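# Residue-level structure breakdown
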Amino acid sequence: IKHPLQNKWALWFFKNDRTKEWTANLKLVTAFDTVEDFWGLYNHVQKASKLPSGCDYSLFKDGVQPMWEDDVNKDGGRWLINLEKNKRSTDLDNFWLETLLCLIGEAFEDFSEDVNGAVINIRNKGDKLSLWTRDSRRQDATMKIGRKLKERLRIPNKLVIGFQAHRDTISKSGSTAKDRYRV
Ligand SMILES: CN(C)c1nc(=O)c2c([nH]1)N([C@@H]1O[C@H](COP(=O)(O)OP(=O)(O)O)[C@@H](O)[C@H]1O)CN2C
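What counts, and at which threshold
- Residues numbered from 1 in each chain as written.
- Predicted model: local features only at pLDDT ≥ 70, side-chain atom pairs only at ≥ 80, totals over all residues.
- Heavy atoms only, no water.
- Axes fitted to C-alpha atoms, helices over the stretch in contact; angles between N-to-C directions.
- Helix = DSSP H or I, 4+ residues; strand = E, 2+ residues; numbered from the N terminus.
- Parallel < 35°, antiparallel > 145°, perpendicular 65-115°, else oblique.
- Left-handed = near helix turned anticlockwise from the far one by under 90°.
- Contact = heavy atoms within 4.5 Å.
- Nonpolar A, V, L, I, M, F, W, Y, C, P; charged D, E, K, R; others polar.
- 1 Å grid on protein atoms, 1.4 Å probe; cavity = no way out; pocket = protein on both sides within 12 Å on 5 of 7 lines; lining within 4 Å.
- Points joined across faces, edges and corners; volume = space filled by probe spheres on them.
- Buried < 20%, exposed > 50% of the residue type's maximum accessible area, 1.4 Å probe, protein only.
- Pairing = 2+ DSSP bridges.
- Expected span 1.5 Å × (residues − 1).
- Near = heavy atom within 4 Å.
- Polar contact = N/O pair within 3.5 Å; in protein donor to acceptor, adjacent residues only side chain to side chain.
- Areas by Shrake-Rupley, 256 points an atom, 1.4 Å probe, with all protein chains shown as cover.
- Sits in = over half its atoms within 2 Å of the grid points.
- Lys, Arg positive; Asp, Glu negative; His and termini not counted.
- Salt bridge = Lys/Arg side-chain N within 4 Å of Asp/Glu carboxyl O.

Next up on the list: the packing of helix α1 (residues 35-44) against helix α2 (residues 88-104). Taken N-terminus to C-terminus, the directions of α1 and α2 make an angle of 160°; their axes are 12 Å apart at the nearest point. Here α1 is positioned roughly antiparallel relative to α2, judged by the angle of their axes. For the crossing formed where α1 meets α2, the hand is right-handed. Two secondary-structure elements touch here, α1 through Phe38, Trp39 and Tyr42 and α2 through Asp93, Leu97, Leu100, Leu101 and Ile104. Grouping the constituent residues of the contact of α1 with α2 by class yields seven nonpolar, no polar and one charged.

So this is what it looks like as structure tokens:
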């Protein structure tokens, strides 16, 4: 038998077609809830570092859409990691895979209920990796999740990452919103 995951996860793909609405460009690839089906999917799809600029992958709990407006996301926010341009060839795919493994492997333990999913944005101005949480007011949970993410991605302590509430990001589209928390 296949090894069941604690949650069912869905992979989404965003292709930047400027002639369409943002939401029209967001497509559900497939959902999975076993280790074997995760690896089958991961090995089947294009690597993040090979996607054209403007594309995203998102991995979210089944039933949660990778958008601010989803009921499960609307009061939450994201830990945002800006990846250096020259790191796309080396670190990007490793960071994304490690983040996926944190999600499906419930690395956030007691706070896994707070974690909704993760997004990787492939952008010429610099790739972005974010981890989305459910409630930006839960400071203790949010801080612990951020610290665990840094640890698992082997981000040096001196490299500070910020957490922005989606409501702040929405009102400041175009630039990065102010940080609510930092680790
Ligand atoms: C329901 N809905 C429309 C809606 N719901 C959303 O949840 C949502 C959007 N729209 N997004 C749109 O993409 C632009 C780029 O954001 P980016 O994060 O790709 O970052 P870049 O500016 O391309 O680096 C955002 O400015 C926003 O227009 C982004 N986003 C998450």
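Right, let's talk about empty space enclosed by the protein for a bit. This model, assessed by the stated rule, comprises one cavity of 30 Å³ or more. What the largest cavity holds in volume is close to 130 Å³. Leu11, Tyr42, Val45, Trp96 and Leu100 are, among the 14 residues lining the largest cavity, the residues nearest its centre. For the lining of the largest cavity, the class distribution of residues is 11 nonpolar, one polar and two charged.

What follows deals with the pairing of strand β4 (residues 77-82). Burial analysis of β4 places five of its six residues in the buried class, the great majority of the element. The pairing of β4 with strand β6 (residues 128-133) spans six bridges and is antiparallel. Directly across from Asn82, in β6, lies its bridge partner Lys128. The pairing of β4 with strand β7 (residues 162-165) spans four bridges and is classified as antiparallel. Bridge pairing links Leu80 to Gly162 in β7.

Helical periodicity: at 3.6 residues per turn, an α-helix aligns residues three or four positions apart in one direction. An ideal rise of 1.5 Å per residue puts 24 Å on 17 residues; α2 measures up with 23 Å between its terminal C-alpha atoms. Taken as a whole, α2 has its buried residues at Leu92, Asp93, Phe95, Trp96, Glu98, Thr99, Leu100, Cys102, Leu103 and Ile104. Following α2 by one or two positions, Glu106 adopts a phi angle in the positive range, close to 50°.

Within the structure, the ligand sits among nine residues, and Trp68, Glu69, Arg123, Lys125 and Lys128 are positioned closest to it. At 2.8 Å, a backbone N or O of Trp68 approaches an oxygen atom of the ligand. Between an oxygen atom of the ligand and a side-chain N or O atom of Lys128, the distance comes to 2.7 Å. A total of 610 Å² of accessible area belongs to the ligand in isolation, and the protein chains cover 66% of it. The site holding the ligand turns out to be the largest pocket.

Moving on, we come to the side chain of Lys128. Tracing the sequence through the fold places Lys128 in strand β6. For the buried Lys128, no salt bridge is present, and the opposite-charge side chain at shortest range is Asp56, 7.8 Å distant. When residues no more than four places from it in sequence are discounted, the contact partners of Lys128 are Leu80, Ile81, Asn82, Val119, Ile120 and Asn121.

Summed over the entire model, instances satisfying the criterion amount to 15 salt bridges. When the shortest N-O distance is used, the salt bridge between Asp71 and Lys74 registers 3.9 Å. The salt bridge involving Asp75 is made with Lys74; its shortest N-O contact spans 4.0 Å. The exposure class assigned to Asp75 is partly exposed, which follows from its relative accessible area of 27%. Among the residues examined, Lys74 registers a relative accessible area of 39% and is labelled partly exposed. Put simply, Asp71, Lys74, Asp75 and Arg167 are held in one network by salt bridges that share partners.

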